[in-house]
Amino acid sequence: MQTLTIQLPGRSYNIGIGTEIVDSDLPQAVAASGTTHAVVVTNTTIHNLYPNRISQSLSGWQGRVDTCVLPDGEGYKNLETLNRIYDFLMDVQANRKTLLIAFGGGVIGDMAGFASATFMRGIPFLQVPTTLLADVDSSVGGKTAVNHPHGKNTIGAFKQPVHVCMDLAFLRTLPPREFLAGYFELAKHGFVHDAKLFETIQAGPLVNAEYDYRANEAESREFWEATILRSCGVKGKVVEQDETETGLRATLNFGHTLGHLIETHAGYGAYLHGEAVGTGMLFAAYLSRKWEHLQERDWSRIRDFLVPRLTPIVLPALNTKSFQTLILHDKKAEGAGVDFILLHKLGAGFIQKATSVETLWPVFQEFVAEFPEVCQVV
Ligand code: NAD
Ligand code: GLY
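Conventions we followed
Residues numbered from 1 in each chain as written. Chains lettered and ligands numbered in written order. Predicted model: local features only at pLDDT ≥ 70, side-chain atom pairs only at ≥ 80, totals over all residues. Heavy atoms only, no water. Helix = DSSP H or I, 4+ residues; strand = E, 2+ residues; numbered from the N terminus. Expected span 1.5 Å × (residues − 1). Buried < 20%, exposed > 50% of the residue type's maximum accessible area, 1.4 Å probe, protein only. Arc of directions from axis to C-beta. Contact = heavy atoms within 4.5 Å. Near = heavy atom within 4 Å. Polar contact = N/O pair within 3.5 Å; in protein donor to acceptor, adjacent residues only side chain to side chain. Areas by Shrake-Rupley, 256 points an atom, 1.4 Å probe, with all protein chains shown as cover. Nonpolar A, V, L, I, M, F, W, Y, C, P; charged D, E, K, R; others polar. Axes fitted to C-alpha atoms, helices over the stretch in contact; angles between N-to-C directions. Parallel < 35°, antiparallel > 145°, perpendicular 65-115°, else oblique. Left-handed = near helix turned anticlockwise from the far one by under 90°.

A. Fine view of helix 4 (residues 79-91). The first and last C-alpha atoms of helix 4 sit 18 Å apart over 13 residues, in line with the 18 Å expected at 1.5 Å per residue. Burial in helix 4 covers these residues: Thr 81, Leu 82, Ile 85, Tyr 86 and Leu 89. Relative to the axis of helix 4, the buried residues are bounded by an arc of 155 degrees and lie together on one face. The exposed residues of helix 4 that point more than 90 degrees off its buried face are Glu 80, Met 90 and Asp 91. Those residues of helix 4 that are buried lie in contact with strand 3 (37-43), strand 4 (64-70), strand 5 (99-104), helix 5 (106-118) and strand 7 (143-148). Just downstream of helix 4, Gln 93 is the residue with a positive phi angle, here 55 degrees.

B. Inspection of unusual backbone geometry at higher detail. Backbone geometry places Asn 52, a non-glycine residue, at a positive phi of 55 degrees. You can see Asn 52 is positioned in the loop between helix 2 (44-49) and helix 3 (53-57).

C. Structural context of the site of ligand 2. Surveying the vicinity of ligand 2 reveals the residues Asp 137, Lys 143, Lys 188, Lys 235, Arg 249, Leu 252 and Asn 253. Take Asp 137: an N or O atom from its side chain is 3.2 Å from a nitrogen atom of ligand 2. A distance of 2.6 Å separates an oxygen atom of ligand 2 from a polar side-chain atom of Lys 235. Computed on the free molecule, ligand 2 has an accessible area of 200 Å², of which 91% lies beneath the protein chains in the complex. Partitioning the shell around ligand 2 into residue classes produces one nonpolar, one polar and five charged.

D. Summary view of the packing of helix 11 (residues 273-290) against helix 12 (residues 296-306). Orientation of helix 11 relative to helix 12, taken along the N-to-C sense of each, is 165 degrees, at an axis distance of 10 Å. One finds that helix 11 runs roughly antiparallel with respect to helix 12. Note on packing geometry: the crossing formed by helix 11 with helix 12 is left-handed. Where helix 11 abuts helix 12, its residues Gly 278, Met 281, Leu 282, Ala 285, Tyr 286 and Arg 289 lie against Glu 296, Trp 299, Ile 302, Arg 303 and Leu 306. In terms of residue class, the contact of helix 11 with helix 12 is built from seven nonpolar, one polar and three charged.

E. Examining helix 1 (residues 22-33) more closely. Taking 1.5 Å per residue, twelve residues should reach 16 Å; helix 1 reaches 16 Å between its end C-alpha atoms and fits that length. Along helix 1, the residues classified as buried are Val 22, Asp 25, Leu 26, Pro 27, Ala 29 and Val 30. Contacts from the buried residues of helix 1 go to strand 2 (13-18), helix 3, strand 5, strand 6 (125-129) and strand 9 (163-167).

F. Up close: the site of ligand 1. Not every one of the 27 residues close to ligand 1 is listed here, only the nearest: Asp 72, Glu 74, Thr 130, Thr 131 and Thr 173. Within the side chain of Lys 152, one N or O atom sits 2.9 Å away from an oxygen atom of ligand 1. In the environment of ligand 1, an oxygen atom lies 3.4 Å from a nitrogen or oxygen atom belonging to the side chain of Lys 235. For ligand 1, the accessible surface in isolation is 860 Å², of which the surrounding protein chains cover 92%.

The following block contains the structure:
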């Protein structure tokens with residue numbers, strides 16, 4: 001197992017990364033937290049695949065473990081489902097020392113994290129991510145949220161976990177489509193901050209919509225452990241410098257302005273978050289080249305990496321008004337402008353402040369005309 005520490009004043013924590021580590025790493029972290037009560041938050045899919053997996057791994061621990069099982073899906077990442085976590089915590093008489101354990105992908109991590117930030121004004125929380133996306137992105141850095149019908153992740157809080165137990169053995173059951181969605185967020189860290197990471201990914205296993213982690217595990221396990229560690233390191237360094245996104249951290253939202261628009265407009269769950277971000281990154285790279293920040297060579301590398309892997313997105317009845325309204329609901333919007341993340345070069349993202357939404361729509365139309373296989377407005 002490798003350990004990465006995220007250094008934050010008074011809130012530092014370790015990420016344990018390895019394969020089949022949950023039975024050793026998790027009990028240690030839970031014991032170190034000093035609590036006597038843990039509540040696992042998970043969903044029906046994970047609960048069926050791994051029934052009572054967390055309580056089993058904590059069987060030698062003296063404390064009590066309760067499990068709250070939520071419905072599965074981005075469509076449930078809302079205040080109503082969040083309320084079910086609060087109800088459950090009240091039912092099991094949770095107190096301010098109860099440790100909330102998020103056992104799942106980004107949806108579970110974001111909801112359990114937000115519940116832990118708000119229940120009794122804050123209780124400790126620990127992440128056991130089970131998707132590639134949660135490994136490389138959502139379990140690290142303390143962003144937690146639920147969606148509002150008009151805006152993705154618009155209700156949330158910053159809440160760092162006390163520990164992240166990243167056991168890659170859970171990836172064995174992850175469907176290929178979900179794996180690919182996480183792969184886009186992994187590539188994002190290469191695009192905006194680490195060109196070498198991007199090169200490593202390109203030289204690694206060929207990941208596409210058929211890639212099966214379990215079938216390829218024997219020969220690629222070391223690659224994934226090292227690459228996920230590196231990606232967490234990239235994100236961790238950014239979070240250490242700008243935990244609450246006053247500046248630098250916004251670069252991690254590369255591809256998210258269009259990505260969030262796609263998710264909100266198409267309906268939460270119609271496309272996976274990573275898929276929407278993948279298309280959003282292609283658009284952001286396209287803009288970067290069009291506005292002469294990014295050289296042709298880097299643009300081609302990004303385009304050639306993304307286009308064959310992207311899920312075709314269809315956006316019904318999107319027009320200039322709905323496009324602008326959705327963009328201005330984004331958390332990065334202010335007035336009539338949005339902070340748009342662009343690239344100077346591969347590995348160097350930057351924030352273009354107050355990018356006018358009026359300038360974005362015509363370029364978006366050009367983009368869909370040039371890449372109909374990637375995105376269509378019908
Ligand atoms: P997800 O949590 O919906 O998980 C994807 C699907 O895979 C679900 O159906 C889930 O039940 C299933 N699943 C999870 N683990 C599995 C496993 N091991 N085996 C089989 N099936 C499994 O989606 P996600 O892609 O993990 O996360 C997306 C969410 O993360 C979005 O809501 C996004 O906004 C959020 N996010 C948050 C941050 C952050 O910094 N907080 C960063 C990126 C994304
Ligand atoms: N996923 C972007 C961030 O955590 O800042």
